[in-house]
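# Observations on the model geometry
Single-letter residue listing:
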Amino acid sequence: NAGVMQNPRHLVRRRGQEARLRCSPMKGHSHVYWYRQLPEEGLKFMVYLQKENIIDESGMPKERFSAEFPKEGPSILRIQQVVRGDSAAYFCASSPSRGRGPVAGANVLTFGAGSRLTVL
Amino acid sequence: QQPVQSPQAVILREGEDAVINCSSSKALYSVHWYRQKHGEAPVFLMILLKGGEQKGHDKISASFNEKKQQSSLYLTASQLSYSGTYFCGTEKAGGKIIFGKGTRLHILP
């Protein structure tokens with residue numbers, strides 16, 4: 001089991017370009033979470049998805065940010081027209097369906113190694 | 001609705017004990033604890049589902065007081081490998097998990 005795979009690990013973009021970050025969950029996991037982390041800060045919730053559904057996107061900026069988790073393929077976090085303030089580490093985490101993980105009734109998260117976005 | 005962690009940072013000598021606290025202003029469904037080493041992904045430590053529950057993992061244990069909406073992480077006889085940033089996360093109805101700002105723990109030899 002390869003774990004949660006994120007790519008690219010490092011991404012450099014100029015202001016105004018688009019950034020696409022990909023996340024392949026662990027095998028058998030149907031839930032994906034995206035978090036943003038600034039240096040020396042915590043993990044800020046962005047969005048929670050299941051296959052083909054956005055469950056909670058309350059942490060996503062209203063503009064320029066979008067996320068999807070299609071039936072086939074990885075989850076994608078897309079940032080359009082990037083600005084310097086978007087520079088951060090973006091972590092993806094996956095969990096199995098509630099009740100199917102190591103702790104019944106809870107979402108235990110397995111994190112990927114993160115994608116570090118730098119906007120010049 | 002972000003949980004509040006305290007202290008923000010701790011420096012210990014190897015073998016000393018530490019307590020990290022996590023509190024929320026809202027009712028908690030469960031509390032998660034993760035550790036992140038510098039430049040790495042956060043790693044799951046434990047989850048507490050019931051009020052008053054205590055769990056242990058090697059020399060790391062935690063308690064969850066549902067009534068006070070608080071959880072505490074206890075690290076006893078700390079080892080160098082315990083260094084890192086500890087995050088508590090609170091799970092809301094529906095599955096969303098919100099993390100605190102973290103507590104940085106540095107263990108000196």
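These remarks concern the structure in this document. (Residues numbered from 1 in each chain as written. Chains lettered and ligands numbered in written order. Predicted model: local features only at pLDDT ≥ 70, side-chain atom pairs only at ≥ 80, totals over all residues. Heavy atoms only, no water.)

## Concerning the state of the cysteines
- Considering all chains together, one arrives at two disulfides over all chains under this definition.
- Each sulfur of the disulfide joining cysteine 23 of chain A and cysteine 92 of chain A lies 1.7 Å from the other. In this structure, the disulfide formed by cysteine 23 of chain A and cysteine 92 of chain A twists by about -45° around the S-S bond and is classed as left-handed. Here the residue cysteine 23 of chain A occupies a position in strand β3 (residues 19-24), and cysteine 92 of chain A occupies one in strand β9 (residues 88-95), the gap between them amounting to 69 residues.
- Put simply, cysteine 22 of chain B and cysteine 88 of chain B are joined by a disulfide, and their sulfur atoms are 2.0 Å apart. In this structure the cystine formed by cysteine 22 of chain B and cysteine 88 of chain B twists about its S-S bond by roughly 70°; its chirality is therefore right-handed. Remark: cysteine 88 of chain B occurs in strand β9 (residues 84-91) and cysteine 22 of chain B occurs in strand β3 (residues 18-23); sequence separation between them is 66 residues.
- For cysteine 88 of chain B, a relative accessible area of 0% translates into the label buried. (Disulfide = S-S within 2.5 Å. Helix = DSSP H or I, 4+ residues; strand = E, 2+ residues; numbered from the N terminus. Buried < 20%, exposed > 50% of the residue type's maximum accessible area, 1.4 Å probe, protein only.)

## Regarding the pattern of salt bridges
- The final tally for this structure, using the stated rule, is four salt bridges over all chains.
- Residue arginine 20 of chain A is joined to glutamate 18 of chain A by a salt bridge in which the shortest nitrogen-to-oxygen separation is 2.8 Å.
- Judged by relative accessible area, which is 28%, glutamate 18 of chain A ranks as partly exposed.
- For lysine 96 of chain B, the salt bridge identified is with aspartate 56 of chain A, shortest N-O distance 3.9 Å. (Salt bridge = Lys/Arg side-chain N within 4 Å of Asp/Glu carboxyl O.)

## A closer look at the side chain of histidine 29 of chain A
- Assignment of secondary structure puts histidine 29 of chain A in the loop between β3 and β4 (31-37).
- Setting aside residues up to four positions removed in sequence, histidine 29 of chain A forms contacts with Ser94, Ser95, Pro96 and Thr110 of chain A. (Contact = heavy atoms within 4.5 Å.)

## Considering the sheet that holds strand β7 (residues 65-68) of chain A
Residues and elements named next belong to chain A.
- The strand order across the open sheet formed by four strands is β1-β3-β8-β7, and the pairing between neighbours is antiparallel. Looking at strand neighbours, the two that pair on one side only are β1 (5-7) and β7, the edges of this open sheet. When strand polarity is set aside, the average angle formed by the axes of neighbouring strands in this sheet is 15°. (Pairing = 2+ DSSP bridges. Axes fitted to C-alpha atoms, helices over the stretch in contact; angles between N-to-C directions.)

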